[in-house]
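Here is what each chain is made of, one letter per residue.
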Amino acid sequence: MKALSWTCKTFGVALALALLAGCVAGTPAPYYSVTSAPSQVGPSGGAPLMVGLQDRFYIVRIDDRTPFGLQNLPQSQNLLYEKGYDLVRREREADFGLNISFFATARDNPEARAGNVVGGALLGAATGAIIGGALGSPGQGAAIGAGSGAALGLVAPADAAMVRVDISTQSFRDGTASSSSALVDLANVPPYDVQRVVDMQVSRMLQSLPPVR
């Protein structure tokens, strides 16, 4: 009976540690940040965008080289509509072309790496306690498991996803051209919210376009 009671207690502690590990390594609250891409300046991510003075109709080309499916940009399209620009399907009907490209990239995320180490240590301790409890030495098993888990957590992938946004305009009327770039840090953005976040950033970058007169 004592052995059974000890096993149940050990399992309970291990389960609590495992749940705590999951909380530590869980996804933080949605948040994103933007930095200007190299050699670009501007408050909204990159240099301001421009079109010709008489330009109104545009054609858009989206090149999405990410796994996020960024072909649909409703907020950005709505912004252009409110400024007086009209989307057309054929280049011969357009006054200017709008090119939007997305590129997936990554950076090392120290916060995620620290979470991996702590989570790995807790999960390793939980597993070690179970194994050690079965062998009559739960404390030693937990210590060994914690060390091994922390080591595995240290080398586990800890990259933060980023998306580079490149936007360029080309006027077919007077040859006016402009470009702007920004890096969107998605470290704390859940996958379901990536499309909306990137759309928001594109909208911010298009904000510099003048309203149609």
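Residues numbered from 1 in each chain as written. Predicted model: local features only at pLDDT ≥ 70, side-chain atom pairs only at ≥ 80, totals over all residues. Heavy atoms only, no water.

Asker: Lay out the nonpolar core in plain terms, naming residues and giving numbers.
Answerer: Counting 26 residues, the largest nonpolar core has Leu98, Phe102, Val165, Ile167, Val202 and Leu206 as its most contacted members. Elements that contribute at least two residues to this core include exactly α2 (74-82), β4 (96-108), β5 (159-171), β6 (177-185) and α5 (194-206). The element best represented in this core is α5, accounting for six residues. Aside from chain neighbours lying at most four places away, what touches Phe102 is Ile62, Asp63, Asp64, Arg65, Thr66, Leu70, Leu73, Val163, Arg164, Val165, Val198 and Val202. (Core = buried A, V, L, I, M, F, W, Y, C linked by side-chain atoms within 4.5 Å. Buried < 20%, exposed > 50% of the residue type's maximum accessible area, 1.4 Å probe, protein only. Helix = DSSP H or I, 4+ residues; strand = E, 2+ residues; numbered from the N terminus. Contact = heavy atoms within 4.5 Å.)

Asker: If you had to explain the packing of aromatic side chains to someone new, which residues and values would you point to?
Answerer: Applying the stated criterion across every chain, the model contains two aromatic pairs. On the numbers, 5.7 Å between centres and 25 degrees between planes, the contact of Tyr58 with Phe96 is stacked. Taken together, the positions of Tyr58 in strand β2 (residues 57-65) and Phe96 in strand β4 put the pair 38 residues apart, joining distant regions of the chain. Exposure remark for Tyr58: the relative accessible area of 3% places this residue in the buried category. Exposure remark for Phe96: the relative accessible area of 0% places this residue in the buried category. Between Tyr85 and Phe96 the ring centres are 5.6 Å apart and the planes differ by 80 degrees, which places this aromatic pair in the edge-to-face class. Placement of the pair is Tyr85 in the loop between α2 and β3 (86-87) and Phe96 in strand β4, with a sequence separation of eleven residues. (Phe/Tyr/Trp six-rings, centres within 6.5 Å; stacked < 30°, edge-to-face > 60°.)

Asker: How would you summarise empty space enclosed by the protein if you had to cite specific residues and measurements?
Answerer: All told, the structure shown has one cavity of 30 Å³ or more when counted by the stated rule. Estimated volume of the largest cavity: approximately 60 Å³. Taken together, Tyr58, Val60, Ile62, Leu73, Ser76, Gln77, Leu80, Leu98, Ile100 and Leu206 make up the full set of residues lining the largest cavity. For the lining of the largest cavity, the secondary structure elements donating two or more residues are β2, α2 and β4. (1 Å grid on protein atoms, 1.4 Å probe; cavity = no way out; pocket = protein on both sides within 12 Å on 5 of 7 lines; lining within 4 Å. Points joined across faces, edges and corners; volume = space filled by probe spheres on them.)

Asker: Could you give me a rundown of α2, with the residues and numbers involved?
Answerer: Those residues of α2 that fall on the buried side of the exposure criterion are Ser76, Leu79 and Leu80. Axial view of α2: buried residues confined to an arc of 95 degrees, hence all on one face. Counted as exposed and oriented over 90 degrees from the buried face of α2: Tyr81 and Glu82. Once α2 finishes, Gly84 follows within two positions and takes phi at roughly 105 degrees, a positive value. (Arc of directions from axis to C-beta.)

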